[in-house]
Amino acid sequence: MTRRKSPLLYTTASVALVVLHLEKELRINRSKWSGAVSIGLILLLVTCGCADRSAKNKTVYQTDTAFVSTVVKKTVAAGAIVPRKQVAVKAQVSGIIEKVYVTAGQVVTAGQLLARIRLTPNAVSLNEAESALQKAKLSLSDARHEKERYEQLFAEKVVAEKEYNQYLLAFKKAEADLAAAVNNVQLIKVGASASGIAANEVRSTVNGVLLEVPAKEGNFVIERNTFNEGTTIASIADMKDVIFEGKVEEADVNNLQPGMDLTITLRATEEKSYRARLEFVSPNGVKEDGITKFEIKAAILLDKTDVLRAGYSANAEIVLEKRDNVLCIREHVLQFDQQGAYVEVETKPQFFEKRYVELGLSDEINTQVLTGLKPKERLKMVF
């Protein structure tokens, strides 16, 4: 095997010959050539130093290999846990909260008493109701007198039964009017009637958990009517039926379909994840910070022992696409030019050839290679 001669050897030999020639001339004329000898020696040292530095700074490229793996493209949606159904129980009458019987977090049933309101009756309404009560009393007294008179005449067979029945009906109607007037006055004064109607009692309309009870004893509340939503006494929800509400960017929304599986992680309990199923993808996007986002909703599949709280911050991981057992490369071997993506394949140690490749799915770490490479080929790492 022939040893390859180094260019440094040729350079050093050439400089040495020049120095010997200069020494010979120096014997003839020492003063004339002394400067030239010095220059030659300097050139020799500089040449050797540069060559040595060049040898030390030679670049050695690191390499990676193509491999077979699974590529999964995912997206993450930020959102929160909310109950599917949440009911706000409103006041039916205006007044002051006299007593609150429940606290937030308590489990309640439909019809359970939540609070009682002490009415502050409107003076005009109360006056009208009391006036109607007096009129009802007068009407009843007159109807009773007429009924008794015609009852006696009917007994003496002076008047027909039909005529007597008209006054009997008028008497009964006057009795009903009086009872209604009495109840109306009671409702205006205290919010409860003699017949058992209690508009001042606030009761739960559904079964569930009390999320909040904003009403406090002594607070003034406004009744719910056509022009006013009314004061909220309590909010109730079924916390066994909760959903994830979040938003995804427009670049991913076309890959979403109802029925897809999601993995939900909570910031409060990061060590545990929950399964969910996508139910809704909004057809209407909303711009946030210059990015169009679409609302999504997913039903969280809870076990019997799982307990979640409304308002938990959560992230939903959604698998958009997946490729199993495909040839992959890592992102740090990929390069691009006007013709497309390419890699540099090692043909022999530290010698590389440029090769264009066709790419498939990427998870931003590993990228699927469709054509252009074989498994275990070594590739130059560019970063």
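Residues numbered from 1 in each chain as written. Predicted model: local features only at pLDDT ≥ 70, side-chain atom pairs only at ≥ 80, totals over all residues. Heavy atoms only, no water.

Chemist: So, the pattern of salt bridges: which residues are in play, and what are the values?
Modeler: When the charged atoms of two side chains lie near each other, side chains of opposite charge can form a pair. Under the defined criterion, the tally for this structure stands at 21 salt bridges. Ionic pairing is found between glutamate 245 and lysine 297, a salt bridge with its closest N-O pair at 3.9 Å. Residue glutamate 245 is found in strand S11 (residues 242-249), and its partner lysine 297 is found in strand S14 (residues 291-300); the two are separated by 52 residues along the sequence. Two residues, lysine 293 and glutamate 288, come together in a salt bridge whose shortest N-O distance is 4.0 Å. We classify lysine 293 as partly exposed; its relative accessible area is 23%. A network of salt bridges, in which partner residues are shared, links Arg84, Asp241 and Glu279. (Salt bridge = Lys/Arg side-chain N within 4 Å of Asp/Glu carboxyl O. Helix = DSSP H or I, 4+ residues; strand = E, 2+ residues; numbered from the N terminus. Buried < 20%, exposed > 50% of the residue type's maximum accessible area, 1.4 Å probe, protein only.)

Chemist: Before we move on, can you summarise the pairing of strand S12 (residues 261-266) with the specific residues and values?
Modeler: Burial along S12 is one-sided: the residues Leu262, Ile264 and Leu266 are buried and none of Asp261, Thr263 and Thr265 is. Bridging between S12 and strand S13 (residues 273-288) involves five bridges; their strand directions are antiparallel. Residue threonine 265 lies in a different strand from S13, and its bridge partner there is serine 273. Counting the residues that bridge the hairpin from S12 to S13 gives six residues. Relative to strand S15 (residues 313-330), S12 runs antiparallel, the two being bridged by five bridges. Note that in S15 the partner of leucine 266 across the bridge is alanine 314. (Pairing = 2+ DSSP bridges.)

Chemist: How would you summarise the packing of aromatic side chains if you had to cite specific residues and measurements?
Modeler: Scanning the entire structure with this criterion turns up three aromatic pairs. On the numbers, 6.0 Å between centres and 90 degrees between planes, the contact of tyrosine 61 with phenylalanine 352 is edge-to-face. Separated by 291 residues along the polypeptide, tyrosine 61 in the loop between helix H2 (30-56) and strand S1 (63-65) and phenylalanine 352 in strand S18 (residues 351-356) bring together distant segments of the chain. For tyrosine 61, a relative accessible area of 37% corresponds to the partly exposed category. When the ring of tyrosine 150 is compared with that of tyrosine 167, the centres are 3.9 Å apart and the planes differ by 10 degrees; the resulting orientation is stacked. Of this pair, tyrosine 150 sits in helix H3 (residues 123-155) while tyrosine 167 sits in helix H4 (residues 161-190), and the two are 17 residues apart along the sequence. (Phe/Tyr/Trp six-rings, centres within 6.5 Å; stacked < 30°, edge-to-face > 60°.)

Chemist: Lay out the confidence of the model for the chain with the relevant residues and their values.
Modeler: Of the residues in the chain, 81% reach a pLDDT of 70 or more, and the chain-wide mean stands at 83. For the stretch residues 1-5, pLDDT sits under 50, and the model shows one contact to residues farther than four places along the chain or on other chains. (pLDDT = per-residue confidence, 0-100. Contact = heavy atoms within 4.5 Å.)

Chemist: Tell me what's going on with unusual backbone geometry, and back it up with residues and numbers.
Modeler: Located in the positive-phi region is lysine 157, a residue other than glycine, with phi close to 60 degrees. For lysine 157, the location among the structural elements is in the loop between H3 and H4. In the Ramachandran plot, lysine 376 falls in the positive-phi region, its phi being about 70 degrees despite a non-glycine side chain. If you trace the backbone, lysine 376 turns up in the loop between strand S20 (366-371) and strand S21 (378-380).

Chemist: Can you tell me about the environment of glutamate 321, naming the residues and giving the values?
Modeler: One can find glutamate 321 in strand S15. For glutamate 321, a relative accessible area of 26% gives the class partly exposed. The spatial distance from the C-alpha of glutamate 321 to the C-alpha of lysine 74 is 7.2 Å, given a sequence separation of 247 residues. If we ignore the near neighbours within four places in the chain, the residues touching glutamate 321 are Val71, Val72, Lys73 and Leu361. For glutamate 321, the side chain forms a polar contact with the side chain of arginine 323, separated by 3.1 Å. (Polar contact = N/O pair within 3.5 Å; in protein donor to acceptor, adjacent residues only side chain to side chain.)

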